[in-house]
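A structural walkthrough
Listed below are the residues making up each chain.
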Amino acid sequence: MAQSEGSSKRSSAAGGWGALKSCGKHLLGSRAPLTGARALLKANQPDGFDCPGCAWGDPEHGSSFEFCENGVKAVSWEATDNRTPPSFFAKHTLTELRGWSDYALEGQGRLTHPMRYDAASDRYLPVSWDDAFAEIGATLRSLDSPNQAEFYTSGRASNEAAYLYQLFARAYGTNNFPDCSNMCHEASGVALGEAIGVGKGTVLLEDFEKADAIFCVGQNPGTNHPRMLGDLRRAAERGAKVVVLNPVRERGLERFADPQNTVEMLRGASRPIASHYLQPRSGGDMAAFRGIAKIVFERDGEALAAGRPSLLDRAFLAHHTDGLDAYRAVVEATAWEAILDQSGLTLGEITAMADVYLGAQRVIATWAMGVTQHRHSVATIREIANLLFLRGHIGRPGAGLCPVRGHSNVQGDRTVGINERPPAAFLDSLERHFGLPMPREHGHNVLASIRAMRDGTSKAFIGLGGNFLRATPDTPVVAKALASCRLTVHIATKLNHAHLVPGAVGYLLPCLGRTEIDRNAEGKIQIVTVEDSMSMVHGSGGINKPASKHLRSEIAIIAGMAQATVGSASIDWAGFTADYDRIRDAIAATITGFTGYNTRVRKPRGFMLRNLAAERVFETASGRANFSAASLPIETEHQAAKKTHETFVLQTFRSHDQYNTTIYGLDDRYRGVYGERRVVFAHPDDLAEIRDRLGERVDIVGVHDDGTIRRAEDFRVVPFDMPRGSLAGYYPELNVLVPLSTYGEKSDTPTSKSVLVTLQARAAA
């Protein structure tokens, strides 16, 4: 059970002995500890595989092997000896399995055989690969239009698999590419594209070694990308200021004990990370950065009036930016009352951040989904970029913009063409190389695909990895949408809830994991590639024996479906499957930056894709880095919630024992929760009022005027250090409360960090 109030067992620091103990538990729990331990020694190595845990960058120099608890969990999760064979499905109907938890389903282990849904028995039954491909192809060809099919991609797919997938769907005739990026970092891509001309960050991992100040906004590295903690700690140890903005006080951003430091482990010591830890209201980051800019402009004016040099980088602003005057005008017109109310910070706290910013010669701003999953997320990221522009913190060592992606290859998938709004130049390139016309009509993102399936205008869903049902908002709506399809296909390594709502024809196709050896027909070991958050592309080759002789690689499965659907008159799908070098040759021929791909990726640490913005070349319409002069939101969710005493703003996040929708265990060590997940965190003063009014357990009810009742039942409220009026809890359990109809402006990203809810007493059982 979770710890009761007053008996917290929160870790005193991230990492340390708790991390080592957790790693041992997960390795032993896999029932293959030696296999898992051996695999870990090859994680992120030049002759090994890319860790499937996260997208934190690798350095250009030296080894990137670092201790990472989540990497251990991801590897042991995949390398488990547990299996989910056809005999499992013979024992359990899908109706029964829908009552199981996410943890219990994936705990059954690796899928071993291709399976087809049989409605008469409500079970998955074994099927041959050839029969599966034939029926999938026939069903896709029978649709009235290719635009009635949705091709979903998880960010764990390799560059090669993603490229082949988009080629298959476009040869078929659609740009419907709902992608996991649509649910997390779409706002980063949109905002940075507008601001600097490329939807990626501008820093390398080495820049963290040179930065004087790092602003870490809306992210929890200790759970989501633990290797980042080592880089933040090293920065703090050499004197860099680490400024954290996060509504929830996360242990990993406060202190870190390095499990690879023997002396530190023996002494039970740890080192601080954050020099400043600020807790804005959820959704208040734009106002916080607006406040910093307001102080910067005020002090710059004072300096000029006193005859001192400008505090701004006037040369950079004059030669490389556009829109400064309009931005300065809107900043100066923004009242402090609005800034303080929206941010939830004091003037003193914002002034302290401005002091750090002005005192640093090299500044990095890094953020994750605490920034991107709001209605005004694009405007917030533009505001962060605005601040860095003022003193030229773009395109020089130790400075820049750094969105930290979640899935290990979510950035690479977008680079190689997973995009529902593809650039015309990319489609032109595909047409020239393959001699096929490419569809030009923009396709569906995640939210559009859900609506289309719900409304019956899309009739087929193919999922390349992931857990679409549990990752998306409005879970019951998505379940009905998937079940209404004529065809559902899931390419996966383990069973999850998305597989339990098949369409009229439903397939579950098991694939190799990244840690497993992938051989072609001649016995040659194949490698794939990925791109991390710092635009580094490197190879990945598995070392473990496949979990089943019946598994196929993602590439082989995609090629099999494509062959059965569109034929091979123009594209040699079998040739791509036989030798992945051919896929990389096609990527090099159709996508800028990949010249010499096969040679460059086989060098230790791979290579960096050129990022023109990092060179101060901005491919925007103005040819410059663009300031945004957007006003603050008229009203944030917290301001709306304050109008009624009983309304809260809920954010969803991960526990420490999960990665996205994959649940590794039931503990959240850093937050002091053990053995359960149906908890909701609240400020201690709010908790006292809730318990007086409602009791120990509550139902959480959505507040959204669209005629839909959204309820998450039976949660225990626990105290945590966070702003009053805020709640937080785990997804996917709380995704039922996230409305499909609220999303980020310009990004269509679900607003999972700002959901208006009330609490109701839980009826006695």
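Values in this document were obtained by computation on a predicted structure and should not be read as measured data.

In this section: the overall build of the protein chain. Helices and strands together make up the secondary structure of the protein chain, namely 30 helices and 29 strands. Put simply, 79% of the contacts in the protein chain that link residues at least 6 apart link residues at least 24 apart. Of the roughly 26400 Å² that the protein chain leaves accessible, carbon and sulfur atoms contribute 52%.

Burial of strand E4 (residues 115–118) is one-sided: the residues Met115 and Tyr117 facing one way are buried, the residues Arg116 and Asp118 facing the other way are not. For E4 and strand E5 (residues 123–126), the ladder comprises four bridges, and the chain directions are antiparallel. Each residue of the ladder has a partner; that of Arg116, found in E5, is Leu125. As consecutive antiparallel partners, E4 and E5 are separated by four residues, and within that stretch Asp122 has a phi angle of approximately 55 degrees, a positive value. Where E4 and strand E17 (residues 505–510) come together, two bridges link them in antiparallel fashion. Within E17, the residue paired with Met115 across the bridge is Leu508.

Our next topic: the packing of aromatic side chains. Enumeration over the complete set of coordinates arrives at 22 aromatic pairs. On the numbers, 5.8 Å between centres and 80 degrees between planes, the contact of Phe88 with Trp100 is edge-to-face. Separated by twelve residues along the polypeptide, Phe88 in helix H4 (residues 86–91) and Trp100 in the loop between helix H5 (94–97) and helix H6 (102–106) bring together distant segments of the chain. When its relative accessible area of 8% is taken as the criterion, Phe88 is described as buried. Joined through ring pairs, the aromatic side chains of Phe88, Phe89, Trp100, Tyr117 and Tyr124 make up one cluster. For the cation-ring pair, Arg391 lies above Tyr357, with the distance from its terminal atom to the ring centre recorded as 6.0 Å. The positively charged end of Arg654 is found above the aromatic ring belonging to Tyr659, 4.2 Å away from the centroid.

Take the pairing of strand E25 (residues 679–682) next. Because side chains alternate across E25, one face comprises the buried residues Val679 and Phe681, and the other comprises Val680 and Ala682, equally buried. Sheet analysis places E25 next to strand E27 (residues 711–719), joined by four bridges and oriented parallel. Residue pairing in the sheet places Val680 in a bridge with Val717 of E27. Alignment of E25 against strand E28 (residues 726–730), held across three bridges, turns out to be antiparallel. If you follow Phe681 over to E28, its bridge partner there is Ala728.

Look at helix H7 (residues 129–142) against helix H25 (residues 554–566): their axes get within 8 Å of each other, and the N-to-C directions meet at 50 degrees. Judged by the angle between their axes, H7 and H25 are oblique. The two elements H7 and H25 meet at a crossing, and its hand is right-handed. Between H7 and H25, the residues in contact are Trp129, Phe133, Ala134, Ile136, Gly137, Leu140 and Arg141 and Ala556, Ile557, Gly560, Met561, Ala564 and Thr565, respectively.

Another aspect to go through is the nonpolar core. By size, the foremost hydrophobic cluster in this structure holds 58 residues, and its most contacted members are Leu140, Phe151, Tyr163, Tyr507, Met561, Trp573 and Phe576. Broken down by element, the residue count for this core peaks at nine residues, all from helix H8 (residues 159–172). The contact partners of Leu140, leaving out residues within four places of it in the chain, are Ala149, Phe168, Tyr172, Ala460, Ile462, Leu487 and Thr565.

Moving on, we come to the confidence of the model for the protein chain. Confidence along the protein chain averages 90 in pLDDT terms, with 88% of residues attaining 70 or more. Considering only residues more than four positions removed or in separate chains, one finds that residues 1–8, a stretch of pLDDT under 50, has 17 contacts. Segment residues 61–66 is flagged for pLDDT under 50; beyond a separation of four residues in sequence, or across chains, it makes 19 contacts in the model.

Here the focus is the sheet that holds E25. A barrel is described by the order of its strands in space; here six strands give the closed sequence E22-E28-E25-E27-E26-E29, paired in mixed fashion. Each adjacent strand pair in this sheet contributes to an overall mean axis angle of 45 degrees, direction not counted. Pairing geometry for strand E22 (residues 648–653) and E28, over five bridges, is parallel. Bridging across to E28, Gln651 finds its partner in Ala728.

Take the pattern of salt bridges next. Enumeration according to the criterion identifies 44 salt bridges in this entry. One salt bridge connects Asp179 with Arg414, and the closest N-O pair in it is separated by 3.6 Å. Taken together, the residues span a long stretch of sequence, with Asp179 in the loop between H8 and helix H9 (186–196) and Arg414 in helix H20 (residues 410–415) at a distance of 235 residues. Accessibility expressed as a relative area gives 0% for Asp179, which makes it buried. Measuring nitrogen to oxygen at the nearest pair gives 3.2 Å for the salt bridge that ties Glu186 to Arg414. Residue Glu186 is located in helix H9, and its partner Arg414 is located in helix H20; the two are separated by 228 residues in the primary sequence. Residue class for Glu186 comes out buried when judged on its relative accessible area of 10%. The network of salt bridges with shared partners includes Glu160, Asp581, Arg584 and Arg602.

A few words on the packing of helix H13 (residues 285–305) against helix H16 (residues 336–343). Remark: H13 packs on H16, axes separated minimally by 8 Å, with the N-to-C direction vectors making an angle of 145 degrees. You can see that H13 and H16 cross each other, and the crossing is left-handed. For the pair formed by H13 and H16, the contact residues are Ala287, Ala288, Arg290, Gly291, Lys294, Ile295 and Glu298 on the first element and Trp336, Ile339, Gln342 and Ser343 on the second. By residue class, the composition of the contact of H13 with H16 is five nonpolar, three polar and three charged.

Okay, the environment of Asp706 next. Secondary-structure assignment places Asp706 in the loop between strand E26 (697–702) and E27. Considered as a pair, Asp706 and Ser741 are 35 residues apart in the sequence and their alpha carbons are 8.3 Å apart. At a separation of 3.5 Å, a polar atom in the side chain of Asp706 contacts the side chain of Ser741.

Looking now at the side chain of Asn598. Residue position: Asn598 is located in helix H28 (residues 597–600). For Asn598, a relative accessible area of 13% gives the class buried. Among the polar contacts made by the side chain of Asn598, one reaches the side chain of Asp585 at a distance of 2.9 Å. Aside from chain neighbours lying at most four places away, what touches Asn598 is Asp581, Arg584 and Asp585.

A few words now on H9. Buried residues of H9: Glu186, Ala187, Ser188, Ala191, Leu192, Ala195 and Ile196, and no others. Elements in contact with the buried residues of H9: strand E13 (363–367), helix H18 (369–372), helix H19 (377–390), strand E14 (400–403), H20 and strand E21 (625–626). Phi turns positive one or two residues past the end of H9, at Gly197, with a value near 90 degrees.

A word on the environment of Pro247. Within the secondary structure, Pro247 is located in the loop between strand E8 (241–245) and strand E9 (255–257). On a C-alpha basis, the gap between Pro247 and Met722 in space is 5.6 Å, while along the polypeptide they are 475 residues apart. If near-sequence neighbours (up to four positions away) are discounted, Pro247 is found in contact with Gln279, Pro280, Arg281, Ser282, Gln651, Asp721, Met722 and Pro723.

Turning our eyes to something else, we now look at the environment of Arg299. Tracing the chain through its elements places Arg299 in helix H13. The spacing of Arg299 and Leu312 is 13 residues in sequence and 10.0 Å in space, taken between C-alpha atoms. Apart from residues no more than four positions distant in its own chain, Arg299 is found in contact with Leu311, Thr351, Asp355 and Leu358.

The rules behind each value
- Residues numbered from 1 in each chain as written.
- Predicted model: local features only at pLDDT ≥ 70, side-chain atom pairs only at ≥ 80, totals over all residues.
- Heavy atoms only, no water.
- Helix = DSSP H or I, 4+ residues; strand = E, 2+ residues; numbered from the N terminus.
- Contact = heavy atoms within 4.5 Å.
- Areas by Shrake-Rupley, 256 points an atom, 1.4 Å probe, with all protein chains shown as cover.
- Buried < 20%, exposed > 50% of the residue type's maximum accessible area, 1.4 Å probe, protein only.
- Pairing = 2+ DSSP bridges.
- Phe/Tyr/Trp six-rings, centres within 6.5 Å; stacked < 30°, edge-to-face > 60°.
- Lys NZ or Arg CZ within 6 Å of the ring centre and 35° of its normal.
- Axes fitted to C-alpha atoms, helices over the stretch in contact; angles between N-to-C directions.
- Parallel < 35°, antiparallel > 145°, perpendicular 65-115°, else oblique.
- Left-handed = near helix turned anticlockwise from the far one by under 90°.
- Core = buried A, V, L, I, M, F, W, Y, C linked by side-chain atoms within 4.5 Å.
- pLDDT = per-residue confidence, 0-100.
- Salt bridge = Lys/Arg side-chain N within 4 Å of Asp/Glu carboxyl O.
- Nonpolar A, V, L, I, M, F, W, Y, C, P; charged D, E, K, R; others polar.
- Polar contact = N/O pair within 3.5 Å; in protein donor to acceptor, adjacent residues only side chain to side chain.

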